[in-house]
There are 2 protein chains.
Amino acid sequence: MAVEPVVAMDVMGGDGGPKLALAGASLARLRYPKLRFKLFGDQAAIAAGLAAHPALAQSAETIHTDDVVLATDRPSHALRRGQNSSMGLAIRAVAAGDAHVAVSAGNTGALMAMAKLILRTQEGIDRPALAALLPTGRSDSVMLDLGANVECSSQNLVQFAVMGAAFARTTLGLSKPRVALLNVGVEEMKGTEELREAAEVLKGAELPIRFLGFVEGDSMILGDTDVIVTDGFSGNVALKTAEGTARLITRLLADAFRSTFFSRLGAALARGALTSLKTHVDPNSHNGAVFLGLNGLVVKSHGGASAEGMANAIGVAHDLAADGIGKKIAADLALIGPRLAEPRDPAAAA
Amino acid sequence: MAVEPVVAMDVMGGDGGPKLALAGASLARLRYPKLRFKLFGDQAAIAAGLAAHPALAQSAETIHTDDVVLATDRPSHALRRGQNSSMGLAIRAVAAGDAHVAVSAGNTGALMAMAKLILRTQEGIDRPALAALLPTGRSDSVMLDLGANVECSSQNLVQFAVMGAAFARTTLGLSKPRVALLNVGVEEMKGTEELREAAEVLKGAELPIRFLGFVEGDSMILGDTDVIVTDGFSGNVALKTAEGTARLITRLLADAFRSTFFSRLGAALARGALTSLKTHVDPNSHNGAVFLGLNGLVVKSHGGASAEGMANAIGVAHDLAADGIGKKIAADLALIGPRLAEPRDPAAAA
């Protein structure tokens, strides 16, 4: 990316509102001083927020809108009425070439629907997918789809593998990431027909990946693969189950540490050592789900993310934009193109 | 159960072999002194194992067989060749009325296939399901299906809800358990058509349950429902993801505690308080998956369970047998029977 990277921010989304979004942008700018921002939302709120971040104000442009997509809005409602919302305008800025990536902490369903409508699906991809980093045993792994597509064909899964591998090369710095399909067993005959067919295609494809076959939920978490490919239902269930389990254990641990005088003392002594564990499983450290497979980049921040979390999501947006992930995906799709014998998904082509 | 409960044990399954299986049986007998055992497997190995457990030997009968189902055997192979294996004979003892429940730590796929063939599916159930307890935020929750059925109809899911609720009443002692369907969101329009249809039926059914609608992976783990109903693919993925996450955090925690002098000291001081946390997330504390919906009870112990874990699985077997869970399920099915408008699954009826 020769020019300075420009992030189109939906400042109104997320539980923390404009104040938190701007604090996140300000943090991200410290890490990437060349970043520039287009801030979409209520001008007065943005001006008030920017007062605390003068350096950010210098590298940001405000585009006012009264319209906001609410957390409770249905995607269909957002599609009809949200074109001029802060979310819609941020995506449209990417479509128009005025920004390299859009970032929003707003309504996920609405963001996906609007991104798909405005940016359109990339050539060679039938359905875009939501990808993110998951903290695992070795470091982080890329997981997709996280909920954009409840049901998937084998062709969808193969394309997710290509997109996820490109994402891993960019965000994890791997030249040949290990890729596996999430399944209920590792043997070839396990799982659905879609999974078995996708495995067959990936096994034979000459991609810049190391295809491992199937992976189960536990070894996925222990870090046995760099990219986890799955349908949006299982992916969403697995991600939320992992988050819930991490939160449950952290809570039980805190209770245990508080329970006696000795345990309180023990916790105080071990505090330093426990910090890196906390950081590793903190969802804010892995914030920034990316909607892959469109003609333009859209990054979703957790609605409840901290300013640090928002800065991390913007960091992901920066890296992907700077690395030109869309072109990587297109190049890799060309490598497996001839192997895909299935017809295009008619629903996606419509 | 007026008579003494009899457990038919496949002594040859599991990583620990006969020695561990018998140690588990011996522990279980201490908790339930009226338990009697039929031990299926190699006579010499059983005799050697029983020498260490004279009290168990008094309440056990050995039935010798040379045949064993291997961990690597395909279910189809077990069906053809496994009828006289220790696993096959244990299930056949239940079918013949010689035992109330079969327990095995062997090959899960083979166990499910043989149990289904030998015991047959219970009247009113289209497909049996694998259920187990999952450690969650409040205490434990029942989850099913854990992998018996990769794809499920809405009718299957409704029947799983009935079976899971009966299991929760027996094992968790709840008179009206909270039941929810695992989904990617809680709104009515979320997920697959099968889930939405099943929710519709359960919402209107007059069952001894409190139907909550949909639950997501994180709130499931935090304990927001007593029974989690899902297809075998998502259930297996969620269970293994939760296990993997618990193992990962425990490992990171152990590393953190070992890292410095102060953290080692802290860990030593907090040890007592940490024990209950460890116990809560230890898979051995929740050992014993039950194959529900057959004309007879079969309990699967983890292949790698400890003797304590095996004793817990036998405890689950005892409770379910003593409580007559099959009759509870039949009674509840009658309550929703007229509401099921769908045709029976032809594959299951065949």
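Thresholds, definitions, all that
Residues numbered from 1 in each chain as written. Chains lettered and ligands numbered in written order. Predicted model: local features only at pLDDT ≥ 70, side-chain atom pairs only at ≥ 80, totals over all residues. Heavy atoms only, no water. Helix = DSSP H or I, 4+ residues; strand = E, 2+ residues; numbered from the N terminus. Buried < 20%, exposed > 50% of the residue type's maximum accessible area, 1.4 Å probe, protein only. Contact = heavy atoms within 4.5 Å. Salt bridge = Lys/Arg side-chain N within 4 Å of Asp/Glu carboxyl O. Nonpolar A, V, L, I, M, F, W, Y, C, P; charged D, E, K, R; others polar. Pairing = 2+ DSSP bridges. Right-handed = clockwise from strand over helix to strand, strands pointing away. Polar contact = N/O pair within 3.5 Å; in protein donor to acceptor, adjacent residues only side chain to side chain. Phe/Tyr/Trp six-rings, centres within 6.5 Å; stacked < 30°, edge-to-face > 60°. Domains from an automatic or database assignment. Axes fitted to C-alpha atoms, helices over the stretch in contact; angles between N-to-C directions.

Colleague: Could you clarify how one ought to interpret the environment of lysine 176 of chain B in this entry?
Modeller: Residues and elements named next belong to chain B. When you line up the elements, lysine 176 lands in the loop between α7 (154–171) and β7 (178–182). Residue classification places lysine 176 among the exposed positions, given a relative accessible area of 51%. In this structure the C-alpha to C-alpha distance between lysine 176 and alanine 166, which are ten residues apart in sequence, comes to 9.5 Å. In contact with lysine 176, other than residues within four places in its own chain, are Leu207, Pro208, Ile209 and Arg210.

Colleague: I would appreciate a short explanation of unusual backbone geometry in the present structure.
Modeller: If a residue is not glycine, its phi is most likely negative; likewise, a peptide bond is most likely trans. Cis rather than trans, the peptide bond between leucine 144 of chain A and aspartate 145 of chain A has omega equal to 0 degrees. Here aspartate 145 of chain A is to be found in the loop between β6 (140–144) and α7 (154–171). One non-glycine residue with positive phi stands out, namely arginine 120 of chain B, at about 65 degrees. Along the polypeptide, arginine 120 of chain B turns up in the loop between α6 (108–119) and β5 (129–135). Judged by its relative accessible area of 54%, arginine 120 of chain B is exposed.

Colleague: How should the interface of chain B and chain A be read in this particular structure?
Modeller: Reports often express the size of an interface as the amount of accessible area lost when the parts come together. Contact with chain B, which involves 53 residues of that partner, is made by 52 residues of chain A. At the boundary of chain B with chain A, the tally comes to four salt bridges. With a closest N to O distance of 3.6 Å, aspartate 218 of chain A and arginine 247 of chain B form a salt bridge. Listing elements by their share of the side of chain B that touches chain A, those giving two or more residues are α8 (193–204), α9 (217–221), α10 (232–258) and α11 (261–281) of chain B. A class-by-class count of the residues in the side of chain B that touches chain A yields 28 nonpolar, 16 polar and nine charged.

Colleague: Just to check I follow, could you spell out the pairing of β7 of chain B for this structure?
Modeller: Successive side chains on a regular strand alternate, one facing one side of the sheet and the next facing the other. Residue and element names in this part refer to chain B. Most of β7 sits inside the fold, with five of its five residues counted as buried. With five bridges joining them, β7 and strand β8 (residues 210–215) adopt parallel strand pairing. What sits directly across from valine 179, in β8, is phenylalanine 211. The parallel pair β7 and β8 is bridged by α8, and the resulting crossover is right-handed. As defined by bridge partners, β7 adjoins strand β9 (residues 227–229) across three bridges and the pair is classed as parallel. Bridge pairing in β9 links alanine 180 to isoleucine 228.

Colleague: How should I be thinking about the pattern of salt bridges in this particular structure?
Modeller: Between side chains of opposite charge, a pair can form as their charged atoms come close. What the rule picks out here adds up to 20 salt bridges over all chains. Ionic pairing is found between glutamate 61 of chain A and lysine 38 of chain A, a salt bridge with its closest N-O pair at 2.8 Å. In this pair, glutamate 61 of chain A sits in strand β3 (residues 60–64) while lysine 38 of chain A sits in strand β2 (residues 36–41), placing the two residues 23 residues apart along the sequence. Overall, the relative accessible area of 16% leaves lysine 38 of chain A in the buried class. Residue glutamate 188 of chain B pairs with lysine 203 of chain B through a salt bridge whose shortest N-O separation is 3.5 Å. Here lysine 203 of chain B lies in helix α8 and glutamate 188 of chain B lies in the loop between β7 and α8, a separation of 15 residues in the sequence. Its relative accessible area of 60% is what places glutamate 188 of chain B among the exposed residues. Among the charged side chains, a salt-bridge network with shared partners connects Glu188, Glu200 and Lys203 of chain A.

Colleague: Whenever I open this one, the environment of glutamine 122 of chain B confuses me. Can you help?
Modeller: Residue and element names in this part refer to chain B. Of note, glutamine 122 is situated in the loop between α6 and β5. Expressed as a C-alpha distance, the spacing of glutamine 122 and leucine 292, which sit 170 residues apart in the sequence, is 8.9 Å. Residue contacts for glutamine 122: discarding those within four places in its chain leaves Gly293, Leu294, Asn295, Gly326, Ile329 and Ala330. Side-chain polar atoms of glutamine 122 contact the backbone oxygen of glycine 326, separated by 2.9 Å.

Colleague: I tried to follow the packing of aromatic side chains on my own but got confused; where do I start?
Modeller: The geometry of two aromatic rings is summed up by the distance between their centres and the angle between their planes. Scanning all chains against the criterion turns up one aromatic pair over all chains. Aromatic pair phenylalanine 257 of chain A and phenylalanine 257 of chain B: ring centres 6.3 Å apart, planes at 80 degrees, arrangement edge-to-face. Placement of phenylalanine 257 of chain A in helix α10 (residues 232–258) and of phenylalanine 257 of chain B in helix α10 is noted, with the two residues assigned to different chains. For phenylalanine 257 of chain A, a relative accessible area of 10% corresponds to the buried category.

Colleague: Please explain the domain arrangement of chain A as it appears in this structure.
Modeller: By domain assignment, chain A separates into domain 1 (6–119) and domain 2 (132–283 + 330–349). Each of domain 1 of chain A and domain 2 of chain A was reduced to a C-alpha centroid, and the two centroids are 28 Å apart.

Colleague: Looking at this model, I keep getting lost on the sheet that holds β2 of chain A. Mind explaining?
Modeller: Each strand in a sheet pairs with another by means of backbone hydrogen bonds, the pair being arranged parallel or else antiparallel. Residues and elements named next belong to chain A. Judged by pairing direction, the sheet is mixed, and its eleven strands sit side by side in the order β3-β2-β1-β4-β11-β10-β5-β6-β9-β7-β8 without closing on themselves. With partners counted over all chains shown, the strands left at the sheet margins are β3 and β8 (210–215), one partner each. Sheet twist, expressed as the mean angle between neighbouring strand axes with direction ignored, is 25 degrees. Sheet topology note: the strand β5 (residues 129–135)/β6 ladder contains five bridges and is antiparallel. What sits directly across from proline 135, in β6, is aspartate 140. Of the strands in this sheet, β1 (6–10), β2, β4 (101–104), β10 (289–292) and β11 (297–300) are in contact with helix α12 (residues 307–323), which crosses β4 at around 165 degrees.

Colleague: Quick question: what am I supposed to make of the sheet that holds β5 of chain B here?
Modeller: Residue and element names in this part refer to chain B. The sheet built from eleven strands is open, its strands ordered β3-β2-β1-β4-β11-β10-β5-β6-β9-β7-β8 with mixed pairing. Because the sheet does not close on itself, it has two edges, and the strands there are β3 (60–64) and β8. If you compare each strand with its neighbour and ignore which way they point, the axes differ by 25 degrees on average. Of the pairings in the sheet, the one linking strand β6 (residues 140–144) to β9 comprises three bridges and is parallel in character. Bridging from a neighbouring strand, methionine 143 pairs with isoleucine 228 of β9. Against the sheet, helix α2 (residues 43–50) contacts β2 (36–41) and β3, and its axis sits at roughly 135 degrees relative to β2.

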